[in-house]
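Summary of structural features
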Amino acid sequence: MSSATSCSLLTTKLPTFEEILKTAKETFRQNFGQEPELACCAPGRVNLIGEHVDYNDGYVLPMALPMVTVIVGGQRPGNEADLITCCAGADDPKRVKFSLTDLQPSQKPKWANYVKGVIHSFIASVGVQLANGFNAVIVSNVPVGAGLSSSAAIEVATLTFLEHFTGHAVESDAKRALICQNAEHKFVGMPCGIMDQMISVAGQKDFALKLDCRSLETFQIPFVAGEKDLVVLICNSDVRHELSDSEYPTRRKQCLEALKLMGLKSYRHATEGNLSDLEKANCEEVLLKRARHVITEIKRTQEAAEALKNHDFIKMGELMTKSHMSLRDDFQVSCIELDVLVDAAINCSGVLGSRMTGGGFGGCTVTLLQQSAVDNVITTMREDFIKKFNKEAAKNIEFYICTPSQGARKVHL
């Protein structure tokens, strides 16, 4: 299992699944003096379309990535967890020990709060305390801070580990996703939607996942772009973002204010006709823009799922590009770096569509394109970025070619 499908020498080489599993096992052995008893993993994701609508009762259309977070572990006496992370970008300290009976978020290290939060939510959900403590090592090849949901990957990997470690299975994928979302809300302070956790739990190879974020109903949508010699290219801009205390909660609040002004309880009931109600109410322009993005993005996502079902990849690409324009102009979560990369891509021959993906203010773009165009598109995106900024700014840009991959699972040791 490779970390990403590669058909170009210009794409970034990430550690393979086998390499990160080996690192996890060796680190466990060196630090705990024994072999791990259990290994589980969960993937990051890229959202093809449906951005900032998961917390607005919308539809989203993500796919699970081949890049994953792996956790290996085993029992220890007592009621403590002893964790080590080998993840790039994790804050210090890289090793932490804490009680499983008094779980509280900590200022440092922040990475441990994702694990603590999931343990806390899992215990509350299954209604039992853990019978034993555990030692564990966490390793990942999901790029951190890129908008590819490294946070959900560690949450869902932790939950999957806990299910197998305790023998208490959570009753449904929806419940699993909610446990992890609750952890991020309460222990990390990020009021995220449900999409990232759900696709990490329920992703399937060669399928995108249409998720109804209101009912949590899922629909597996076949997505084998290779049949048409197409690929999905992710570009990591290396522009980093931290949203928990800034723009993300602000956008969520603005969406709710606009919904209230329209006299509606859910964006599921909203249409473009409702935007005229906002105009008549002389609401702030910013609220009109936020509502317009949510309403039109929900519609685009439904159309995109149908396009994939019908193998209409041209339509899919057009919707992706329109989504970016809405995120840039109405929801205002793009940034100049992402706009340069998207503009460079869509002006290349062989590109069907391109957009920013993830929370915004940096992170990644996702592009649907012909496989034969990959090298030229990568070269053009990098060159245009250098022209706009400089070589130094472009040196850490990374490109990954990915296919829809499997969700969370136990790994054979």
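Report follows, based on the coordinates.

Calculation criteria
Residues numbered from 1 in each chain as written. Predicted model: local features only at pLDDT ≥ 70, side-chain atom pairs only at ≥ 80, totals over all residues. Heavy atoms only, no water. Phe/Tyr/Trp six-rings, centres within 6.5 Å; stacked < 30°, edge-to-face > 60°. Helix = DSSP H or I, 4+ residues; strand = E, 2+ residues; numbered from the N terminus. Buried < 20%, exposed > 50% of the residue type's maximum accessible area, 1.4 Å probe, protein only. Lys NZ or Arg CZ within 6 Å of the ring centre and 35° of its normal. Salt bridge = Lys/Arg side-chain N within 4 Å of Asp/Glu carboxyl O. 1 Å grid on protein atoms, 1.4 Å probe; cavity = no way out; pocket = protein on both sides within 12 Å on 5 of 7 lines; lining within 4 Å. Points joined across faces, edges and corners; volume = space filled by probe spheres on them. Nonpolar A, V, L, I, M, F, W, Y, C, P; charged D, E, K, R; others polar. Pairing = 2+ DSSP bridges. Axes fitted to C-alpha atoms, helices over the stretch in contact; angles between N-to-C directions. Parallel < 35°, antiparallel > 145°, perpendicular 65-115°, else oblique. Left-handed = near helix turned anticlockwise from the far one by under 90°. Contact = heavy atoms within 4.5 Å.

For the structure shown, the criterion picks out 7 aromatic pairs. Taking 5.4 Å as the distance between ring centres and 55° as the angle between the ring planes, the aromatic pair formed by Phe-134 and Phe-161 counts as tilted. In this pair, Phe-134 sits in strand β5 (residues 133-140) while Phe-161 sits in helix α3 (residues 150-166), placing the two residues 27 residues apart along the sequence. Note on accessibility: Phe-134 and Phe-161 belong to one class, buried. Ring centres 4.7 Å apart and planes at 50° place the aromatic pair Phe-385 and Phe-389 in the tilted group. Taken together through their ring pairs, the aromatic side chains of Phe-134, Phe-161 and Phe-165 make up a single cluster. Above the ring of Tyr-59, the side-chain terminus of Lys-210 is found at 4.7 Å from the ring centroid.

This part covers the pattern of salt bridges. Using the criterion set out here, one finds 18 salt bridges in the structure. Measuring nitrogen to oxygen at the nearest pair gives 3.3 Å for the salt bridge that ties Lys-205 to Asp-206. Look at Asp-206 and you get partly exposed, because its relative accessible area is 26%. Linking Arg-251 and Glu-247 is a salt bridge whose minimum nitrogen-to-oxygen distance equals 2.6 Å. With Arg-251 and Glu-247 both in helix α6 (residues 247-261) and 4 residues apart, the pair spans about one turn of that helix. Given the relative accessible area of 5%, Arg-251 is considered buried. Salt bridges sharing partners connect three or more residues here, namely Glu-51, Glu-297, Arg-300 and Arg-355.

Take the layout of surface pockets next. Size it by volume and the largest pocket reaches roughly 1300 Å³. Lining the largest pocket are 50 residues, with Tyr-114, Ser-150, Ser-151, Glu-184 and Met-190 positioned closest to its centre. The set of elements that each furnish at least two residues to the lining of the largest pocket consists of α2 (111-126), β5, α3, α4 (173-188) and α5 (195-202). In terms of residue class, the lining of the largest pocket is built from 20 nonpolar, 20 polar and 10 charged. Within this model, the second largest pocket holds a volume of roughly 240 Å³. Lining the second largest pocket are 18 residues, and of these Ala-88, Ser-140, Val-142, Pro-143 and Val-144 lie nearest its centre.

This part covers the pairing of strand β10 (residues 364-370). Of all 7 residues that make up β10, 6 are buried, and the element is covered over most of its length. Of the pairings in the sheet, the one linking strand β8 (residues 230-236) to β10 comprises 7 bridges and is antiparallel in character. Bridge pairing links Val-232 to Leu-368 in β10. Two elements, strand β9 (residues 351-357) and β10, share 6 bridges in a ladder whose sense is antiparallel.

Take the packing of α3 against α4 next. Here α3 crosses α4 at 125°, and the two axes come no closer than 10 Å. As judged from the angle between their axes, α3 and α4 are oblique. In terms of crossing hand, the pair formed by α3 and α4 is right-handed. Residues Ser-151, Glu-155, Val-156, Leu-159 and Glu-163 of α3 touch α4, and the partners they reach there are Arg-176, Ile-179, Cys-180 and Glu-184. Partitioned by chemical class, the residues of the contact of α3 with α4 number 4 nonpolar, 1 polar and 4 charged.

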